[in-house]
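# Coordinates in review
Spelled out, the chains give:
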Amino acid sequence: MKKYLSIMAALALPLLAANAQSIKESDFGKTKDGFDVKEFVLKNKKGTTVKIINYGAIIRELWVADRNGKMADVVLGFDKLSDYETKSPYFGAVVGRYGNRIADGKFSIDGRDFQLPKNNNGVACLHGGKVGFDKKIWKAETQTTPDAAILKLTVISPDGDQGFPGNLKASVTYTLNNRNELIMDYSATTDKPTICNLTNHSYFNLAGAGNGNILNHEMTMAADKLTVVDENLIPTGELRDVTGTPFDFRQPKTVGSRIEADDAQLKTGKGYDHNFVLTKKSPKELSFAIRLYEPVGGREMLVYTQEPGVQFYSGNVLQGEVGKEGKKYFYRYGLALETQHFPDSPNQKDFPSTLLRPNEEYKTRTVLKFGAQ
């Protein structure tokens, strides 16, 4: 009997290993400057799998099940590193030092002025400048626990990098747990007063990357205001109530139901490209922000965040980029939900501050929870 049990236990070991959370590392090529890039594959017991490269801290693939258990990759991206270097519209990347726009690339701290690259049509600094965090190689550390696979990525941005003051050490920790949550923990410290606003710029399509547009996706968002923008998509400082507008997602609405409405803000953004002000009980509360649902396959993504806002971008300038497996990403084939502080906060005194001083720690969490209905 003991011999029989020993044989059965031995046979069970490969099955247990196959079901356990894991991390695998492999080569993902070299940059044009000759630096090695690695890919890390995190997998949980449910089979949910995320592939992340340490170039740009990019989420390259994210495989989740639909209501019938069929897996699909629900983020847009590329198969080759060279595409991320030369033509990516921030697919899957961590953007910084400052995610989103800073008007005229200018801001001041303690009476000192700073000038950043105006890489957004010559009118603003976008996502940290010409060489932001999306184009840097991050140092990687991995860990597994009984409940999760964990990847910590760290980058050093030197004083004066893209015009930002201070030596900034920033990290993002990706945790994929067995509750089907992908947790993103951001942190940063500096040795001089600076600004910091980190976020992930994944483009989601819950039907699968390249499988049509996102207009049928149903969205619920806990946001009662938006930051009104001018013709250059820079906030004017006005926080406008969403009641009675195409920006009211407090009750479930499909993305496409009002995207072509006769609304000046929608016309400016060529669709949705706006920061929404989240409804929160306290500033740093980790609270529900968004439910995104795709009705055909039933995949659902819930977003929780400590951030005060989220930039909802409906993929308005996608132009048929050739992505993974040769699939083309056409107009509105993906949407981004960038949890963040508000755009141009350094120049808007009434917006939540993005100032980071020495001896302080920038720290924020966003959680993506996947399921199917």
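Residues numbered from 1 in each chain as written. Predicted model: local features only at pLDDT ≥ 70, side-chain atom pairs only at ≥ 80, totals over all residues. Heavy atoms only, no water.

### Considering the pairing of strand S8 (residues 106-109)
Rules: Whether a residue is buried, partly exposed or exposed follows from its accessible area with a 1.4 Å probe, protein chains only, as a fraction of its type maximum: under 20%, in between, or over 50%, in that order. By definition, any uninterrupted DSSP run of H or I lasting at least four residues is a helix, any uninterrupted run of E lasting at least two residues is a strand, and each is numbered from the N terminus. Two strands make a pair as long as DSSP finds a minimum of two bridges between them.
Side-chain alternation along S8 places Phe-107 and Ile-109 on a buried face and Lys-106 and Ser-108 on a face that remains uncovered. Pairing geometry for S8 and strand S9 (residues 112-115), over 4 bridges, is antiparallel. Following the sheet pairing, Lys-106 is matched in S9 by Gln-115. Where S8 hands over to S9, the hairpin turn is made up of 2 residues, of which Asp-110 adopts a positive phi near 50 degrees.

### Comments concerning the sheet that holds strand S23 (residues 287-293)
In any sheet, the strands associate via hydrogen bonds between backbone groups, in a parallel or an antiparallel arrangement. With respect to topology, 9 strands assemble into an open sheet ordered S11-S12-S13-S14-S30-S24-S23-S18-S21, the strand pairing being antiparallel. Strands with a single pairing partner mark the edges of an open sheet, and in this sheet they are strand S11 (139-144) and strand S21 (253-254). Sheet topology places strand S13 (residues 168-177) next to strand S14 (residues 181-190); 9 bridges connect them, and they run antiparallel. Across the sheet, Leu-176 pairs through a bridge with Leu-182, a residue of S14.

### Digging into the packing of aromatic side chains
What counts is decided by this rule: Aromatic pairs are defined between Phe, Tyr and Trp rings, using the six-membered ring for Trp, whenever the two ring centres lie within 6.5 Å; interplanar angles under 30 degrees are classed as stacked, those over 60 as edge-to-face, and all others as tilted.
This model, assessed by the stated rule, comprises 18 aromatic pairs. Between Phe-107 and Phe-114, the aromatic rings sit 5.3 Å apart at their centres with planes inclined by 20 degrees, giving stacked as the arrangement. Look at Phe-107 and you get buried, because its relative accessible area is 2%. Taken together, a centroid distance of 6.0 Å and an interplanar angle of 85 degrees make the contact between Phe-249 and Phe-312 edge-to-face. In this pair, Phe-249 is assigned in the loop between strand S20 (235-241) and S21 and Phe-312 in strand S25 (residues 309-313), connecting sequence segments 63 residues apart.

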